[in-house]
Amino acid sequence: MRILTLIHEYPPVGGGGGRVAEDLCTGLAKRGHEVRVLTAGWGDLPEHREALGVHVHRLKSLRRESFRADLRAMVGYVWASFWEGLRTIRTWKPDVIHVHFAVPAGASAWALSVLTGTPYLLTAHLGDVPGGTPEKTGKWFGWVLPFSRLIWRRARRVAAVSEFTRGLALKHYPVPVTVIPNGVDLEELDPGDLEINNPPRIVFAGRFMEQKNPLGLVRILSQITDLPWKCALIGDGPLRAAVEAEIARLGLTERITLPGWLAPPQVLGWFGRSDVLLLPSFSEGLPVVGVQGMAMGLALALSRAGGNVELVEEGVNGFCHDPRDETGFAEKLRALIRDPQHLLEVRKASRESARRFDLESVVESYAKILEDVRQSA
């Protein structure tokens, strides 16, 4: 089967959605499918790259930051991917299109399908669903929503990364939606024998944006300074300066490290040296770093937002809490890290829980649904 993947960000550009797409493309290629990706270029990344059987074509784009695509960059991607997609369909003749994110890439998939008849599978990640990340998309979803309904209706099949994302989508789009969670390679992320660091190490990975609540994270940590711990906040974004200022104001400069925006293997390196994954986000679909953290045996300290609750068995592999209740969040984190033996048990349980998100099973589910889409043409 020939699969054309459309996505506006793909590693090392972008966040979790791109990593999901990369894992799926690689897994499908290993199964013998031909996979091509049309994504946005950035910086000095090569225009064409062949890796693990996947051909990645980076298009000229208006993207200005590796970690974020603004409205201009999204519109630029739709324009570029439509014309290159049209050429690719005419010369390569893919059987199906797999589009990640209804907005922006869905617009290109819809237009290509209308003109060429090529069917597409849509995977929704949350930010492309109205109300999923209102702090990011609320201002422009009002005028995008009428057109986005066409994108969802024309899709031969729709998948969502979590039950939360599915439920939110069904409020706006009356189409069948199948839940296929984000997966991880359990063998690749095997942490080996687990041991608790002294002092315990806490890690965060994500964009420094309101959605991810990095400022709240710093304030939560400031309430448990009586305990020994170290923390790494991995990422970058528009709140970077504010995060640095908050760390300094609260006297946490010696406790918190800011490694910056890192490539996925480097992020996993930090995970391998940590004990707790701390994500007090205001909204999430099904965070890739959450699943990766589970696979690497990290205890989960997550907000009660979106798909986060689908990762946590409360009191077993971690906890979820309201991110706006920073004092309550801090007390739960305190209880998690103050007892090394308890923390070790929670870490082992987290690794065991990750088996639900085995990448092989996820790729198998996508292979079947893509075949259904191909046969529906």
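Right above here is the structure, for reference.
The following refers to the structure shown.

Cut-offs applied
- Residues numbered from 1 in each chain as written.
- Predicted model: local features only at pLDDT ≥ 70, side-chain atom pairs only at ≥ 80, totals over all residues.
- Heavy atoms only, no water.
- Buried < 20%, exposed > 50% of the residue type's maximum accessible area, 1.4 Å probe, protein only.
- Helix = DSSP H or I, 4+ residues; strand = E, 2+ residues; numbered from the N terminus.
- Right-handed = clockwise from strand over helix to strand, strands pointing away.
- Pairing = 2+ DSSP bridges.
- Salt bridge = Lys/Arg side-chain N within 4 Å of Asp/Glu carboxyl O.
- Axes fitted to C-alpha atoms, helices over the stretch in contact; angles between N-to-C directions.
- Parallel < 35°, antiparallel > 145°, perpendicular 65-115°, else oblique.
- Contact = heavy atoms within 4.5 Å.
- Nonpolar A, V, L, I, M, F, W, Y, C, P; charged D, E, K, R; others polar.
- Expected span 1.5 Å × (residues − 1).
- Core = buried A, V, L, I, M, F, W, Y, C linked by side-chain atoms within 4.5 Å.

This brings us to the pairing of strand 10 (residues 230–234). Successive side chains on a regular strand alternate, one facing one side of the sheet and the next facing the other. Counting buried residues in strand 10 gives four out of five residues, a clear majority hidden from the surface. Regarding the hand of the β-α-β motif, the stretch spanning strand 9 (residues 201–205), helix 6 (residues 214–222) and strand 10 is right-handed. Pairing of strand 10 with strand 11 (residues 256–260), which is carried by three bridges, proceeds in the parallel orientation. Bridge pairing links I234 to G260 in strand 11. Between strand 10 and its parallel partner strand 11, the chain crosses via helix 7 (residues 240–249), and the hand of that crossover is right-handed.

The next subject is the pattern of salt bridges. Following the criterion strictly, the structure yields 20 salt bridges and no others. Note that E34 is salt-bridged to R2, the shortest N-O span being 3.4 Å. Here R2 lies in strand 1 (residues 2–6) and E34 lies in strand 2 (residues 34–40), a separation of 32 residues in the sequence. For E34, a relative accessible area of 39% gives the class partly exposed. The partly exposed category is assigned to R2, whose relative accessible area is 28%. E331 serves as the salt-bridge partner of R334, at 3.5 Å between the closest nitrogen and oxygen. A residue pair is termed a helical-turn pair when its members lie 3 or 4 positions apart in one helix, as R334 and E331 do in helix 10 (residues 326–337) at three residues. Three or more residues joined by partner-sharing salt bridges are found here, namely R31, E360, E364 and K368.

This brings us to the packing of helix 10 against helix 11 (residues 340–353). Axis angle and axis distance: for two packed helices, these are the angle between their axes and the distance between the axes, and together they describe the pair. As a packed pair, helix 10 and helix 11 sit with axes 6 Å apart at the nearest point and diverge in direction by 95 degrees. Taken together, helix 10 and helix 11 sit at an angle that is classed as roughly perpendicular. Taken together, the residues of helix 11 that come into contact with helix 10 (itself represented by A335, L336 and I337) are H342, L343 and V346. For the contact of helix 10 with helix 11, the per-class residue count stands at five nonpolar, one polar and no charged.

A rise of 1.5 Å per residue sets the reference length of helix 11, with its 14 residues, at 20 Å; its end C-alpha atoms lie 20 Å apart and thus fit the reference within 8%. Residues of helix 11 that are buried include every one of L343, L344, V346, R347, A349, S350, R351 and S353, and no others. Against strand 12 (276–279), helix 9 (288–295), strand 13 (299–303), strand 14 (318–321) and helix 10 lie the buried residues of helix 11.

Moving on, we get to the sheet that holds strand 13. Pairing in this open sheet of six strands is parallel, and the strands run 11-10-9-12-13-14 from one edge to the other. Either end of the sheet is taken by a strand with one partner, and the two such strands are strand 11 and strand 14. For this sheet, the mean angle separating the axes of adjacent strands, direction not counted, is 20 degrees. As defined by bridge partners, strand 13 adjoins strand 14 across four bridges and the pair is classed as parallel. Within strand 14, the residue paired with S303 across the bridge is H321. Contacting strand 9, strand 10, strand 11 and strand 12, helix 6 runs over the sheet at an angle of about 180 degrees to strand 10. Of the strands in this sheet, strand 12, strand 13 and strand 14 touch helix 11, which is tilted by about 80 degrees from strand 13.

Grouped together as the largest cluster of nonpolar side chains are 56 residues, with contacts concentrated most on L221, W229, L233, F271 and L333. Considering every element that reaches this core, the biggest residue donor is helix 10, with five residues. Among residues more than four places away in sequence, those in contact with L333 are I202, I220, L221, I224, V276, L278, A301 and F319.

Before going further, it helps to spend a moment on the pairing of strand 4 (residues 54–59). Summarising burial for strand 4: five of the six residues are buried, a large majority. Here strand 2 runs beside strand 4; their pairing, made up of six bridges, is parallel. Directly across from R36, in strand 4, lies its bridge partner H55. The pairing of strand 3 (residues 48–51) with strand 4 spans four bridges and is antiparallel. Of the residues in strand 4, the one forming a bridge with A51 is V54. The turn linking strand 3 back onto strand 4 is made up of two residues, and L52 within it adopts a positive phi angle of 55 degrees.

Across the sheet, which stays open at both edges, the eight strands sit in the order 3-4-2-1-5-6-7-8 with mixed pairing between neighbours. Unpaired on one side and paired on the other, strand 3 and strand 8 (178–179) mark the two borders of the sheet. Packing against the sheet, helix 1 (residues 16–30) makes contact with strand 1, strand 2, strand 4 and strand 5 (96–100), and its axis sits at approximately 160 degrees to strand 2. Lying over the sheet, helix 2 (residues 71–92) contacts strand 1, strand 2, strand 4 and strand 5, oriented at roughly 155 degrees with respect to strand 2.

Going from V103 to P104, the amide bond is cis rather than trans, its omega being 10 degrees. Looking at the secondary structure, you find P104 in the loop between strand 5 and helix 3 (105–116). A cis amide bond, omega 5 degrees, links N198 with the succeeding residue P199. Locating P199 in the fold gives a position in the loop between strand 8 and strand 9. Even without being glycine, F101 reaches a positive phi, approximately 80 degrees. Of note, F101 is situated in the loop between strand 5 and helix 3. Phi angles above zero are rare outside glycine, and L126 is one such case at about 120 degrees. With respect to the helices and strands, the residue L126 is situated in the loop between strand 6 (120–124) and helix 4 (134–154).

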